[in-house]
Amino acid sequence: MTCNSPPTETITRPVSAEKPLLRALSGHPVWPPPMWLMRQAGRYLPEFRAYREKSPFLTRCLTPDIATELTLQPIRRFGMDGAILFSDILILPHAMGQALDFVENLGPVLTPIRDDAALEALRPEAVTSFISPVLETLRHLRRALPPTTSLLGFAGSPFTVSCYMVEGRSSRDYSMTREAMLKAPAFYDRLITLLTDATAEMLIAQIDAGAEAVMLFDSWAGLLPPGLFQRYVIAPTRQIVTAIRAQYPYVKIIGFPRLAGVMAPVYARETGIDALACDTGASLEIVAKSLPDSMALQGNLDPLILKAGEMR
């Protein structure tokens, strides 16, 4: 994670000198740059694989003791500067009542939401109660983490979560979702509005429980042309950021519009985020020239470099 230059404005609330990641997110240059990985807990760790054999994925996400342990494993091994909550972006639609399962060699499988009747059956008011185990995990982590490690919460952005909700599973192009926004705009706008409100509520609950910064993952943002990107990626993200700022003006927000290309700087400037996460195809040097000097940049490291060893 890097920052173009020191912030030009005074930071109203002191930032912990012990937490390099929070300092970088607040616009301070930090050396060496803080480090963490988006998928820190995973099958590359033998201790993670041991838990994988014991219980299904959703059980691991929704059992505080297990989720706490899986979040801490890479911190113990590698001393990352950030610990990201072990969970999944599809916990949110599941919390609202959409059936969800994770199938071996297939991934997430959901009962598709493709009409008003299915949309009406969702229960956004149930989210806070359903995610109580996730919030308990955050409370455990806040107590267990080293004093230099920042605790990150996260959510999927409305467009990306809608892709899974409408398709019912992973897809190469999410054509049904994109057709829905074009052929049934009233239905799709209602879905995005519901997800925007529920995502803001969930992230605020995560901050209440101890998350020191939060991240929005828009994994499929790069599928949309500029006009639809503005409407379904930038606008909902801006609403979520505004809702969080109203309650937690000092909590930092990271946005990740994966494969957004030339729209990434627009996203960074117009959503109000504090840090832009870049995918491996982006040039940090080029992106940085389009952003405010105090905005932090994150990412861009190809994970294959870690596997292959020294970069030549």
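Conventions adopted
- Residues numbered from 1 in each chain as written.
- Predicted model: local features only at pLDDT ≥ 70, side-chain atom pairs only at ≥ 80, totals over all residues.
- Heavy atoms only, no water.
- UniProt positions renumbered as here; feature names shortened; annotations may be inferred.
- Helix = DSSP H or I, 4+ residues; strand = E, 2+ residues; numbered from the N terminus.
- Rg over C-alpha atoms; globule rule 2.2 N^0.38 Å.
- Buried < 20%, exposed > 50% of the residue type's maximum accessible area, 1.4 Å probe, protein only.
- Contact = heavy atoms within 4.5 Å.
- Lys, Arg positive; Asp, Glu negative; His and termini not counted.
- Charge placed at Lys NZ, Arg CZ, Asp CG, Glu CD.
- 1 Å grid on protein atoms, 1.4 Å probe; cavity = no way out; pocket = protein on both sides within 12 Å on 5 of 7 lines; lining within 4 Å.
- Points joined across faces, edges and corners; volume = space filled by probe spheres on them.
- Nonpolar A, V, L, I, M, F, W, Y, C, P; charged D, E, K, R; others polar.
- Salt bridge = Lys/Arg side-chain N within 4 Å of Asp/Glu carboxyl O.
- pLDDT = per-residue confidence, 0-100.

- By the naming in an unreviewed UniProt entry, the protein chain is Uroporphyrinogen decarboxylase, taken from Sorlinia euscelidii.
- The UniProt entry for the protein chain carries this comment under Pathway (unreviewed entry): "Porphyrin-containing compound metabolism; protoporphyrin-IX biosynthesis; coproporphyrinogen-III from 5-aminolevulinate: step 4/4."
- If you open the UniProt record of the protein chain and go to Catalytic activity (unreviewed entry), you find "uroporphyrinogen III + 4 H(+) = coproporphyrinogen III + 4 CO2".

### Considering the overall build of the protein chain
Thought 1: Within the protein chain, the secondary structure is distributed over 15 helices and nine strands.
Thought 2: For 312 residues, the compact-globule formula gives about 20 Å, and the C-alpha radius of gyration of the protein chain, at 19 Å, lands near that figure.
Thought 3: Taken along its principal axes, the extent of the C-alpha atoms in the protein chain is 50 × 45 × 45 Å.
Thought 4: Looking at the protein chain residue by residue over its 312 residues, the buried ones come to 51%.
Thought 5: Restricting to contacts in the protein chain with at least 6 residues of sequence separation, those with at least 24 account for 69%.
Thought 6: Counting 30 positive and 31 negative side-chain charges, the protein chain places the averaged centre of each group 4 Å from the other.

### Points about empty space enclosed by the protein
Thought 1: Enumeration according to the criterion identifies one cavity of 30 Å³ or more in this entry.
Thought 2: Put simply, the largest cavity is a space of about 60 Å³.
Thought 3: Contributing to the lining of the largest cavity are Leu85, Ser87, Asp88, Ile91, Val134, Phe154, Met202 and Gln206.
Thought 4: Residue composition of the lining of the largest cavity, grouped by class: five nonpolar, two polar and one charged.

### Regarding the environment of Arg39
Thought 1: Here Arg39 is to be found in the loop between helix H1 (20–25) and helix H2 (46–54).
Thought 2: Overall, Arg39 belongs to the exposed group, its relative accessible area being 75%.
Thought 3: For Arg39 and Gly255, which are 216 residues apart along the polypeptide, the C-alpha to C-alpha distance reads 16 Å.

### Examining the UniProt feature "domain: Uroporphyrinogen decarboxylase (URO-D)" (unreviewed entry) in the protein chain
Thought 1: The UniProt entry lists residues 34–43 and 152–168 under the feature "domain: Uroporphyrinogen decarboxylase (URO-D)" (unreviewed entry), expressed in the numbering used here.
Thought 2: Span residues 34–43 is 0% helix and 0% strand, its end C-alpha atoms 23 Å apart.

### Observations concerning the environment of Phe57
Thought 1: Along the chain, the position of Phe57 falls in helix H3 (residues 57–61).
Thought 2: Here the alpha-carbon distance between Phe57 and Val134, two residues 77 residues apart in the chain, equals 14 Å.
Thought 3: The contact partners of Phe57, leaving out residues within four places of it in the chain, are Phe86, Ser87, Asp88 and Phe102.

### Observations regarding the pattern of salt bridges
Between side chains of opposite charge, a pair can form as their charged atoms come close.
Thought 1: All told, the structure shown has 13 salt bridges when counted by the stated rule.
Thought 2: Residues Glu136 and Arg139 are paired through a salt bridge, measuring 3.1 Å at the closest nitrogen-oxygen approach. On the criterion of helical spacing, the pair formed by Glu136 and Arg139 is a turn pair, its members being three residues apart in helix H8 (residues 132–144).
Thought 3: According to the relative accessible area criterion, Glu136 is partly exposed, its value standing at 27%.
Thought 4: For Lys252, the salt bridge is made with Asp274, and the minimal N-O distance between the two is 4.0 Å. Of this pair, Lys252 sits in strand E7 (residues 252–257) while Asp274 sits in the loop between helix H13 (263–271) and strand E8 (275–278), placing them 22 residues apart in sequence.
Thought 5: According to the relative accessible area criterion, Lys252 is buried, its value standing at 18%.

### So, the confidence of the model for the protein chain
Thought 1: Confidence along the protein chain averages 92 in pLDDT terms, with 94% of residues attaining 70 or more.
Thought 2: Ignoring residues within four places in sequence, the model shows residues 2–14, a span with pLDDT below 50, making 27 contacts including any to other chains.

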